[in-house]
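Architecture at a glance
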Amino acid sequence: MYGKIVIRCELKVLTGMHIGASGTFSAIGAVDSPVVRDPMTQKPILPGSSLKGKLRTLLARSLCRNINQMPDFDKDDGVILRLFGSAEPVRRSRLQFSDSFIINADQFREIGLTEVKTENAIRRDTSVANPRQIERVVAGVKFGVRIVYDVMKPEEVEEDLKQLAHAMQLLQLDYLGGHGSRGSGRVGLEHFEFSCVEADFPTEQLEAIFGKVENYGLLPV
């Protein structure tokens, strides 16, 4: 049997989130580290690669016996290789992550979707400050997340989705993007919806698996 399970939810930014745009030229006086944006709308986006990479890393740490000796990607736990794929040998990922776009931009017309946070790095030998400006998506902004799971082996669906749900729980206890150790990137996941395409998997079971994910983090929504 081959089919697809579509998982939709909302990712809410709880503290300013920075996912940087690579190769961006910063003119004098401009923000040093801008966020990645949709070239058509110029609104911030959440790349699917960022979400996929973070979930994989958190799950790999969770399943690794020695956190100080993490394996190479291709030697991750079997369930991780099933979900996220590998290059050697080539193994197709069962999960497809779409880029996520802002779904509540109208609520931020007056204050804007981003903020500029100024930070200082202080040299210990001279006490000279080296200020830098980091652009962050403001707290309260919501992104529409869409993940598609390919049903390859029906007997592995429940285990796979439970591991994905576990990674989503870990994300809400961690951070997304950069500067997380300084308070950025705390997020919450909520309002899950499911649909099955040519796949026979009970919606009630999906709701039970991902019901424990919703707003799992320590910070209030």
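Quick summary incoming for the structure in this document. These figures come from a predicted structure and were not determined experimentally.

Calculation notes
- Residues numbered from 1 in each chain as written.
- Predicted model: local features only at pLDDT ≥ 70, side-chain atom pairs only at ≥ 80, totals over all residues.
- Heavy atoms only, no water.
- Axes fitted to C-alpha atoms, helices over the stretch in contact; angles between N-to-C directions.
- Helix = DSSP H or I, 4+ residues; strand = E, 2+ residues; numbered from the N terminus.
- Parallel < 35°, antiparallel > 145°, perpendicular 65-115°, else oblique.
- Contact = heavy atoms within 4.5 Å.
- Nonpolar A, V, L, I, M, F, W, Y, C, P; charged D, E, K, R; others polar.
- Phe/Tyr/Trp six-rings, centres within 6.5 Å; stacked < 30°, edge-to-face > 60°.
- Buried < 20%, exposed > 50% of the residue type's maximum accessible area, 1.4 Å probe, protein only.
- Lys NZ or Arg CZ within 6 Å of the ring centre and 35° of its normal.
- Core = buried A, V, L, I, M, F, W, Y, C linked by side-chain atoms within 4.5 Å.
- Pairing = 2+ DSSP bridges.

Let us look at the packing of helix α1 (residues 48-63) against helix α3 (residues 157-172). Running from N to C, α1 and α3 point in directions that differ by 100°, and their axes come no closer than 9 Å. Here α1 is positioned roughly perpendicular relative to α3, judged by the angle of their axes. Taken together, the residues of α3 that come into contact with α1 (itself represented by Leu51, Lys54, Leu55, Leu58, Leu59, Ser62 and Leu63) are Gln163, Leu164, His166, Ala167, Met168, Leu170 and Leu171. When grouped by side-chain class, the residues that make up the contact of α1 with α3 number 10 nonpolar, three polar and one charged.

Two measures describe an aromatic ring pair: the distance that separates the ring centres and the angle between the ring planes. Taken as a whole, this structure holds four aromatic pairs when the rule is applied. Relative to phenylalanine 210, the ring of phenylalanine 192 has its centre 5.7 Å away and its plane inclined at 25°; by these criteria the two rings are stacked. Pair noted here: phenylalanine 192 is in strand β8 (residues 187-197) and phenylalanine 210 is in helix α4 (residues 203-211), with a separation of 18 residues, a long-range link. Since its relative accessible area comes to 1%, phenylalanine 210 is described here as buried. Here the aromatic rings of phenylalanine 194 and phenylalanine 210 are separated by 5.5 Å at their centres, their planes lie at 40°, and the arrangement is tilted. Residue phenylalanine 194 is found in strand β8, and its partner phenylalanine 210 is found in helix α4; the two are separated by 16 residues along the sequence. Over the ring of tyrosine 175 we find lysine 54; its NZ or CZ atom is 4.2 Å from the centre of that ring.

Once that is clear, we can look at the nonpolar core. Core analysis: the biggest nonpolar cluster contains 51 residues, and Ile5, Leu161 and Phe210 have the highest contact counts within it. The element that contributes the greatest number of residues to this core is α3, accounting for seven residues. In contact with phenylalanine 210, other than residues within four places in its own chain, are Ile7, Leu161, Leu164, Ala165, Met168, Phe192 and Phe194.

Two faces belong to every sheet, and in a regular strand the side chains alternate between them. In terms of burial, strand β7 (residues 142-151) is a largely internal element, eight of the 10 residues being buried. For strand β1 (residues 3-13) and β7, the ladder comprises 10 bridges, and the chain directions are antiparallel. Pairing of glycine 3 across the sheet is with valine 151, part of β7. As paired elements, strand β3 (residues 95-97) and β7 share three bridges and run antiparallel to each other. Bridging across to β7, phenylalanine 97 finds its partner in isoleucine 147. Across two bridges, the pairing between strand β4 (residues 100-102) and β7 is antiparallel. By the bridge assignment for β7, isoleucine 102 is matched with phenylalanine 143.

Take it as geometry only, folks, not as evidence of what the structure does.
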